Amino acid sequence: MPLTDVQIRKAKPADKPYKLTDGGGLHLYVSIAGGKAWRYRYEIGGREKLLTLGTYPAMSLAEAREARAVARGTVKAGRDPGAEKRQQALASAPEEAAPVGPTFKEIAVEWHALNAGRWTETHAGDVLGSLEKSVFPDLGGKTLAEIDAPTLLATLRKIEARGAIETARRVRQRVSAVFAYAIASGRAAHDPAAQVEKAMAPLPKKGRQPAITDLDDVRQVLRDADATPAHPVTKLALRVLALTALRPGELRGALWDEMRLDGDDPLWVVPAERMKMKVEHAVPLSKQAVETLKALRTITGRSRFLFPNDRHVSKPMSENAMGYLLNRAGYHRRHVPHGWRAAFSTIMNERFPADRAVIDLMLSHAPDDAVEAAYNRARHAERRRELAQLWADLLMVDQTPVAEVTRGVRSGR
């Protein structure tokens, strides 16, 4: 059904971006920071594209529908409305700059609109959401000339103070991209973001286990692993490891009788003898984890092991199999199987800081007291399941479908 003004006004931010569909390719995109943007999805030259028409409330529902009609007419005429918008913005930018200059937010939204079409919808939402949350409150209303290096650094320091060191560096890169765009279009003379990089807090030293902890980058790790020649069982093992954040040794010896894949609350109970903490560990399974495990069962279901050794089915897979896959995919000394735990911890603590204790439980960082550990696991079971699903939804954006990973593999291995 078409949207109404009441629905739009009442739309609140959620744990992840979402959209409200109006029809005819038009929808309202609501970011995690609460920003609302009108987007038009269209197809030209056999390719699906996304055009940002404007932001709400600056552009009303009626105005968004008018903009959609204009864009649709452009498509019917065989032209790309997104390309035309970029050309018009670049051509008109120098003449439109007022003596005082546009605000940082205006330029940033314009830059985002020009680039959103080449990004996935989720990444586009992450980019705009990070600016809305961490930059616009301090700098959004300032002109570019008013933002110098100390002013920008003060804003970035607030992000660092939350413990989000990598986020602060990503935000700096995005601010720098906005200034580069403004310089190219004649509306800024220099980029203060380029000056502050060496003054920012250093990234925490990596331990003995190299790990990539940026969300976009860890998504790419899985894509690259799926694109690398390897046995599908190894690829599925890596995917399950990423989704569950278990230790590689805890996963490698997994048995099918530990799994409860059907019903409303799928669960994997890892026995105490295989856990580092020597305490039984219940792992709530996301929809994506269940899908992966059920696909795996068609291959290895006749073995007692989820991941049997390729040469000796009575033994678990080699402890090096997943690591070698990551090495061949280009991540030697950059990301190891154990690194998924660091990725999960960093990304989820950054997004859900109030759930730090629950996230520690999901990583099996249990208290020494077994009674207290059991109590906490039971107490936080529902939230652990919610966080497991949120993690899976974040991680699995634009990943290879499981059916493609297992294609051509003989069942019942």
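Just so we're clear, the structure is a prediction, and the values are computed from it rather than from any experiment.

(A) Examining the pattern of salt bridges more closely. Evaluated as defined, the whole model comprises 20 salt bridges. The residue R65 makes a salt bridge to D22 at a minimum N-O spacing of 2.8 Å. Taken together, the positions of R65 in helix α2 (residues 61-76) and D22 in strand β1 (residues 18-23) put the pair 43 residues apart, joining distant regions of the chain. Residue R65 is classed as partly exposed on the basis of its relative accessible area, which comes to 29%. Within this structure, D22, R65 and R68 form a network of salt bridges that share partners.

(B) The arrangement of the nonpolar core in detail. W268, F307, W340, M348 and L395 are the most contacted members of the largest nonpolar core, which totals 61 residues. Broken down by element, this core gets its largest block of residues, 8 residues, from helix α11 (residues 232-244). With sequence-adjacent residues up to four places away left out, M348 is seen in contact with I359, L387, L390, W391 and L394. Counting 33 residues, the second-largest nonpolar core is a separate cluster that includes L131, V135, L144 and L153.

(C) Region of interest: the sheet that holds β1. In spatial order, the strands read β1-β2-β3-β4; together these 4 strands make up an open sheet with antiparallel pairing. Each having just a single partner strand, β1 and β4 (47-56) make up the two edges of the open sheet. Put simply, the sheet's adjacent strands are angled 30° from each other on average, direction ignored. Sheet analysis places strand β2 (residues 26-30) next to strand β3 (residues 36-44), joined by 5 bridges and oriented antiparallel. Considered in β3, the bridge of H27 is made with R39.

(D) The packing of α11 against helix α14 (residues 321-331), seen in detail. Orientation of α11 relative to α14, taken along the N-to-C sense of each, is 95°, at an axis distance of 9 Å. Put simply, α11 runs roughly perpendicular to α14. Listed contacts from α14 to T234, K235, A237, L238 and L241 of α11 are A321, M322, L325 and L326.

(E) Fine view of the side chain of T300. Note that T300 resides in helix α13 (residues 287-300). A residue is classified by how much of its surface remains accessible, and T300, at 0% relative accessible area, is buried. Polar side-chain contacts of T300 include one of 2.8 Å to the backbone oxygen of L306.

(F) Highlighting unusual backbone geometry. Note the cis peptide between Y56 and P57, where omega equals 10°. Looking at the element boundaries, P57 is found in the loop between β4 and α2. Of note, the phi angle at A245 is positive, near 60°, even though the residue is not glycine. Note on placement: A245 falls in the loop between α11 and α12 (248-252). On the basis of relative accessibility, which here comes to 2%, the residue A245 falls in the buried class.

(G) The arrangement of the packing of aromatic side chains in detail. Under the counting rule described, the total for this entry stands at 5 aromatic pairs. Here the aromatic rings of F104 and F179 are separated by 5.9 Å at their centres, their planes lie at 35°, and the arrangement is tilted. One end of the pair, F104, is in helix α4 (residues 104-115); the other, F179, is in helix α8 (residues 165-184), and 75 residues separate them in sequence. F179 matches F104 in its accessibility class, with the two residues each being buried. Consider the rings of F344 and W391, whose centres lie 5.3 Å apart with planes at 85°: the pair is edge-to-face. Here the residue F344 occupies a position in helix α15 (residues 339-351), and W391 occupies one in helix α18 (residues 381-395), the gap between them amounting to 47 residues. Each member of the pair, F344 as well as W391, is classed as buried. Among the aromatic residues, those joined into a cluster by ring pairs are F104, F136 and F179. The ring of Y29 is capped by R39, whose NZ or CZ atom sits 3.8 Å from the centre of that ring. Lying across the ring of F305, R304 places its NZ or CZ 4.9 Å from the centre.

(H) Expanded view of the side chain of R172. Residue placement: R172 occurs in helix α8. By relative accessible area, R172 is classed as buried at 9%. When sequence neighbours within four positions are dropped, the list of residues in contact with R172 reads L156, A193, A194, V196, E197 and M200.

(I) Fine view of the pairing of β3. Across the 9 residues of β3, 7 count as buried, placing the element largely inside the fold. Relative to β4, β3 is paired through 9 bridges, and the arrangement is antiparallel. What sits directly across from E43, in β4, is E48. In textbook terms, the turn of a hairpin is the stretch between consecutive antiparallel strands, and for β3 and β4 this stretch comprises 2 residues, one of which, G45, has a positive phi near 60°.

Thresholds, definitions, all that
- Residues numbered from 1 in each chain as written.
- Predicted model: local features only at pLDDT ≥ 70, side-chain atom pairs only at ≥ 80, totals over all residues.
- Heavy atoms only, no water.
- Salt bridge = Lys/Arg side-chain N within 4 Å of Asp/Glu carboxyl O.
- Helix = DSSP H or I, 4+ residues; strand = E, 2+ residues; numbered from the N terminus.
- Buried < 20%, exposed > 50% of the residue type's maximum accessible area, 1.4 Å probe, protein only.
- Core = buried A, V, L, I, M, F, W, Y, C linked by side-chain atoms within 4.5 Å.
- Contact = heavy atoms within 4.5 Å.
- Pairing = 2+ DSSP bridges.
- Axes fitted to C-alpha atoms, helices over the stretch in contact; angles between N-to-C directions.
- Parallel < 35°, antiparallel > 145°, perpendicular 65-115°, else oblique.
- Polar contact = N/O pair within 3.5 Å; in protein donor to acceptor, adjacent residues only side chain to side chain.
- Phe/Tyr/Trp six-rings, centres within 6.5 Å; stacked < 30°, edge-to-face > 60°.
- Lys NZ or Arg CZ within 6 Å of the ring centre and 35° of its normal.

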